[in-house]
Amino acid sequence: MKNPPSKPNQLITKEFARQLNVNYNNKRASLATAKGQKEDANAIWYSLEELENYIHYVKTNGAKDGYNVDGIRFYFGVYPDDEKHGEKAGLTTLFLVPTGKKAQNDTAKIQGFAAVQESSADIQSLEPMNYGNIGRPPSLSY
């Protein structure tokens, strides 16, 4: 029988999450209002299947490229303000980038040399993931 997953150390209370979301909405809404812009995205949603597929993709292809994939970095971005991006033009987005370290060379291990382990960095040979579903205030609040 499998052991249940351990509780992550990074969990926060629902109340703190709500406060973070309110702070974000207030700041972004006041900036948008001051600039005469539309309300910005305040949430990005990916299905579990999309996330699991991306994790499988980066682990598999990262290994082929000689990386030990160890995480995913989440970046904020803003879509270009042009017609090509439709309703998302000028709005906040979130994109995911795999991180990892180059795998140690087996030859170096055999020869007894201590291979220098690079720090975890964005893996440039793999594509980032974007295009989750956005939520806008006030229709979506945590």
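Attention here is on the structure that accompanies the text.

1. A look at the sheet that holds strand β2 (residues 67–78)
Pairing between the strands of a sheet comes from backbone hydrogen bonds, and it takes one of two forms, parallel or antiparallel.
Part 1 of the argument: Across the sheet, 3 strands lie side by side as β2-β3-β4; this open sheet has antiparallel pairing. The open sheet is flanked by β2 and β4 (121–122), the only strands paired with a single partner.
Part 2 of the argument: Note: β2 against strand β3 (residues 92–102), 11 bridges, orientation antiparallel. From the neighbouring strand, Y75 faces β3, where its bridge partner is F95.

2. Structural notes on the packing of aromatic side chains
Part 1 of the argument: Throughout the structure, instances matching the rule amount to 3 aromatic pairs.
Part 2 of the argument: With a centroid separation of 6.2 Å and an interplanar angle of 25°, the aromatic rings of Y54 and Y57 are classed as stacked. Taken as a pair, Y54 and Y57 lie in helix α2 (residues 48–64) at a separation of 3 residues, close to a single helical turn.
Part 3 of the argument: Residue classification places Y57 among the partly exposed residues on the basis of a relative accessible area of 30%.
Part 4 of the argument: Measuring from ring centre to ring centre gives 5.4 Å for Y75 and F95, while their planes differ by 15°; the resulting arrangement is stacked. Of the two residues, Y75 sits in strand β2 while F95 sits in strand β3, which places them 20 residues apart along the sequence.
Part 5 of the argument: Taking relative accessible area as the criterion, Y75 reaches 30% and is therefore assigned partly exposed.
Part 6 of the argument: One cation-aromatic arrangement involves K102 over Y67; the distance from NZ or CZ to the ring centre is 4.6 Å.

3. Describing the nonpolar core
Part 1 of the argument: With 8 residues, the main nonpolar core is built from Y46, Y54, V58, Y67, L96, I123, L126 and M129.
Part 2 of the argument: When residues no more than four places from it in sequence are discounted, the contact partners of L96 are Y46, L51, Y54, I72, R73, F74, P128 and M129.

4. Regarding the pattern of salt bridges
Part 1 of the argument: A complete count under the given rule lists 1 salt bridge for this structure.
Part 2 of the argument: The closest approach of N and O atoms between R73 and D122, which form a salt bridge, is 2.3 Å. One end of the pair, R73, is in strand β2; the other, D122, is in strand β4, and 49 residues separate them in sequence.

Quick notes on the rules
- Residues numbered from 1 in each chain as written.
- Predicted model: local features only at pLDDT ≥ 70, side-chain atom pairs only at ≥ 80, totals over all residues.
- Heavy atoms only, no water.
- Pairing = 2+ DSSP bridges.
- Helix = DSSP H or I, 4+ residues; strand = E, 2+ residues; numbered from the N terminus.
- Phe/Tyr/Trp six-rings, centres within 6.5 Å; stacked < 30°, edge-to-face > 60°.
- Buried < 20%, exposed > 50% of the residue type's maximum accessible area, 1.4 Å probe, protein only.
- Lys NZ or Arg CZ within 6 Å of the ring centre and 35° of its normal.
- Core = buried A, V, L, I, M, F, W, Y, C linked by side-chain atoms within 4.5 Å.
- Contact = heavy atoms within 4.5 Å.
- Salt bridge = Lys/Arg side-chain N within 4 Å of Asp/Glu carboxyl O.

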